[in-house]
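Each chain is listed here by its residues.
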Amino acid sequence: MKRFLVIGLGRFGNSVALMLARQNCEVMVIDRREEAINLIRDEVTYAVIGDSTDSEVLEKIGVRNFDAVIVCISGSMEDSIMTTALLKEMGVEKVITKGKNDLHAKVLRKLGADKVVQPERDMGMRLAQMLNAENVMDYIELSPTLSIIELSIPLDWVGKSIIDLDVRKRYKINILAIKKKNGSVDATPSSGTVFEKEDIIVVLGEKDSLEKL
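This structure is a prediction, so every number in the text was calculated from the model and none was measured.

Novice: Can you explain the pattern of salt bridges? Please cite residues and give values.
Specialist: By the definition in use, this model includes ten salt bridges. Its salt-bridge partner being E26, residue R3 comes within 2.7 Å of it at the nearest N-O pair. Pair noted here: R3 is in strand β1 (residues 3-7) and E26 is in strand β2 (residues 26-31), with a separation of 23 residues, a long-range link. Classification of R3 by relative accessible area gives partly exposed; the value is 23%. Exposure remark for E26: the relative accessible area of 17% places this residue in the buried category. The partner of D114 in a salt bridge is K88, with the nearest N and O atoms 3.0 Å apart.

Okay, structure coming up:
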């Protein structure tokens, strides 16, 4: 069973902690606010009232024993930065931190955060992509240049196979999966797979290639 520590119980921290708990992970949460801890205490494995900027508190809860520590502090950038710095200084292998803005994210990376997430920005980008292209149903940014999108197939693909369309060479993309009308998913589509009218494809590619598609 994987073990996670979630620090900071704003909306994002609560969502992460609850989702991990529902996936049968061992989850400890820490927040300095007693009312925040009381709201989630019965949903997670351990709930601790404490200050994550205090190295003694972090040492007591054994931060090095978790598969990952997720810093979700939303109110104070200073607390988020100090907590991240302490965790890395204490030898925590994987630290994922919520960034408030691009400058905050840049500082967190400099301090050694293994991953920085910006939920509001990422959700805004996903929504903009979906609104801008009506056939795009979902969008995930993997890096500044690489993304995964889920979209309905172009009409001129119907009745043609992956090899007929030569998608990798012509569009410079990789088709990861095909969702069928009946709800089934082909997670390993072969080059001979023929597209049907209501297919939805999950595609990996450079942003420029995806925009052209």
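Novice: Hey, could you go over the packing of aromatic side chains for me, with residue numbers and the actual values?
Specialist: Ring pairs (aromatic) are described by centroid distance and by the angle formed between their planes. One pass over the structure, following the stated rule, counts two aromatic pairs. Here W157 and Y171 contribute two aromatic rings whose centre-to-centre distance is 5.4 Å and whose plane-to-plane angle is 55°, an arrangement assigned as tilted. Here W157 is found in the loop between β8 (146-152) and α7 (162-165), whereas its partner Y171 is found in the loop between α8 (167-170) and β9 (173-179), with 14 residues between them in sequence. This pair shows no difference in class: W157 is buried, exactly as Y171 is. Ring geometry for W157 against F195: centres 5.3 Å apart, planes inclined by 45°, an arrangement best described as tilted. Linking W157 in the loop between β8 and α7 with F195 in the loop between β10 (185-186) and β11 (200-206), this pair joins segments that are 38 residues apart in sequence. Residue W157 shares its accessibility class with F195, and that shared class is buried. Ring-pair connections join several aromatic residues into one group, and the members of that group are W157, Y171 and F195.

Rules of the game
- Residues numbered from 1 in each chain as written.
- Predicted model: local features only at pLDDT ≥ 70, side-chain atom pairs only at ≥ 80, totals over all residues.
- Heavy atoms only, no water.
- Salt bridge = Lys/Arg side-chain N within 4 Å of Asp/Glu carboxyl O.
- Helix = DSSP H or I, 4+ residues; strand = E, 2+ residues; numbered from the N terminus.
- Buried < 20%, exposed > 50% of the residue type's maximum accessible area, 1.4 Å probe, protein only.
- Phe/Tyr/Trp six-rings, centres within 6.5 Å; stacked < 30°, edge-to-face > 60°.

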